[in-house]
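Structural overview for review
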Amino acid sequence: MPASLPSWVTYLGRLGQAAKGLVYLCVGLLAAEVAWAGHGDAGGSRAAIRTLADQPFGRVLLLVLISGLASYVLWRLLAAVFDLEDRGHDLKGLAARARSLIIGFIYGGITFGAIKTLLGNAARGDGNSSAQDWTARALAQPFGATLVVLIGVAVIAAGFYKGWRAFTGKLEKKLDLDRVSTRARKWILRVCNFGLTARGLVFIVVGLFLIQAGLASDPKKARGLSGALDAVQAQPYGRWLFALIAAGLAAYGIYSGVRARYGKWEGRRP
């Protein structure tokens with residue numbers, strides 16, 4: 001049986017999930033606003049952070065967000081190095097720990113962007129420029145095109161995995177909902193599974209763009225979160241699918257909040 005983690009480790013995980021949820025909730029609401037207007041470009045995490053900064057007490061909100069994101073990064077790094085989630089040392093476990101490490105670096109970049117926004121040095125670009133920058137670095141390496149294609153395949157696989165989790169009821173095992181009413185539990189799971197599915201769809205779109213970038217050896221074909229949403233919006237009937245995914249990303253933000261409040265934090269003690 002997994003052991004209970006130390007309280008400070010659990011606190012890092014909960015605070016981090018709450019901050020992650022706030023970012024995704026903002027991303028989803030901003031995208032929903034674009035869908036409602038019927039025009040404009042979708043925003044990613046950078047746009048969400050700038051929106052928070054523009055609110056009353058925006059600097060306070062940013063300080064809280066940075067603390068939460070930094071906690072999430074630390075949790076992910078600890079999970080990767082000390083195997084907090086008890087993944088093991090076989091190939092599957094090492095892959096899961098590598099994924100945790102990669103996620104930690106990604107959210108480290110988002111945290112750094114939030115710090116720059118707090119200091120008034122925020123970049124006005126979108127997530128596409130970041131995705132294209134690291135894709136260009138990867139393409140410059142030996143067998144770089146193959147590497148980018150493989151990363152794209154891995155991202156697509158991750159997207160399908162999230163959808164699989166939503167449709168197989170795996171989520172409920174990670175939540176402690178015993179004290180929640182049956183009706184509330186059903187709605188919590190519906191919203192969370194909807195959010196997981198929407199995020200999975202975004203992963204699939206991002207992965208497809210990465211494969212295109214690798215096959216063409218052209219980093220400009222890579223897209224981040226905002227680019228993936230814009231690509232969906234540009235399709236026939238894309239506005240409605242875009243609106244659905246926007247709602248789903250907001251639901252994913254709620255899912256992260258649910259994980260923060262009701263998540264089971266068990267694993268291997270560091």
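That block above? That's the structure.
Keep in mind it's a predicted model, so treat the numbers as computed, not measured.

Our focus in this paragraph is the nonpolar core. Generally speaking, soluble globular proteins have nonpolar side chains that are buried together. Residues Leu 65, Trp 75, Tyr 107, Leu 229 and Phe 242 are the most contacted members of the largest nonpolar core, which totals 61 residues. Top element by residues in this core is helix α1 (residues 7-37). It accounts for eleven residues. Excluding its chain neighbours within four sequence positions, the residues that come into contact with Phe 242 are Ala 31, Val 34, Ala 35, Ala 42, Leu 229, Val 232 and Gln 233.

Take the environment of Val 191 next. Relative to the helices and strands, Val 191 resides in helix α7 (residues 182-216). The partly exposed category is assigned to Val 191, whose relative accessible area is 26%. Taking the C-alpha atoms as reference points, Val 191 and Ala 250, separated by 59 residues in sequence, lie 9.5 Å from one another. When neighbours within four sequence positions are excluded, Val 191 is seen to be in contact with Ala 251 and Ile 254.

All right, on to the side chain of Asn 193 then. One can find Asn 193 in helix α7. When residues no more than four places from it in sequence are discounted, the contact partners of Asn 193 are Arg 165, Ala 166 and Leu 171.

Another aspect to go through is the packing of aromatic side chains. For any pair of aromatic rings, the description consists of the separation of the ring centres together with the inter-plane angle of the planes. Per the stated rule, a full pass over the model turns up four aromatic pairs. Relative to Tyr 252, the ring of Tyr 24 lies with its centre 4.9 Å away and its plane at 70°, an arrangement referred to as edge-to-face. Here Tyr 252 lies in helix α9 (residues 238-262) and Tyr 24 lies in helix α1, a separation of 228 residues in the sequence. Classification of Tyr 24 by relative accessible area gives buried; the value is 11%. Note on Tyr 72 and Tyr 107: the rings are 5.0 Å apart at their centroids and 80° apart in plane angle, and the pair reads as edge-to-face. Here Tyr 72 is found in helix α3 (residues 58-82), whereas its partner Tyr 107 is found in helix α4 (residues 91-118), with 35 residues between them in sequence. Among the aromatic side chains, those forming a connected cluster through ring pairs are Tyr 24, Tyr 252 and Tyr 255. One Lys or Arg, Arg 190, reaches over the ring of Trp 187 and ends 4.9 Å from the middle of that ring. Here the guanidinium or amino end of Arg 261 rests over the ring plane of Tyr 262, the centre of that ring lying 4.6 Å away.

Their axes nearest at 7 Å, the elements helix α2 (residues 45-53) and α3 cross at an angle of 135°. The angle between α2 and α3 falls in the class oblique. Contact with α2, carried on its side by Ile 49, Leu 52 and Ala 53, involves Gly 58, Leu 61, Leu 62 and Leu 65 of α3 and no other residues of that element. Of the residues that constitute the contact of α2 with α3, the class distribution is six nonpolar, one polar and no charged.

Conventions we followed
Residues numbered from 1 in each chain as written. Predicted model: local features only at pLDDT ≥ 70, side-chain atom pairs only at ≥ 80, totals over all residues. Heavy atoms only, no water. Core = buried A, V, L, I, M, F, W, Y, C linked by side-chain atoms within 4.5 Å. Buried < 20%, exposed > 50% of the residue type's maximum accessible area, 1.4 Å probe, protein only. Helix = DSSP H or I, 4+ residues; strand = E, 2+ residues; numbered from the N terminus. Contact = heavy atoms within 4.5 Å. Phe/Tyr/Trp six-rings, centres within 6.5 Å; stacked < 30°, edge-to-face > 60°. Lys NZ or Arg CZ within 6 Å of the ring centre and 35° of its normal. Axes fitted to C-alpha atoms, helices over the stretch in contact; angles between N-to-C directions. Parallel < 35°, antiparallel > 145°, perpendicular 65-115°, else oblique. Nonpolar A, V, L, I, M, F, W, Y, C, P; charged D, E, K, R; others polar.

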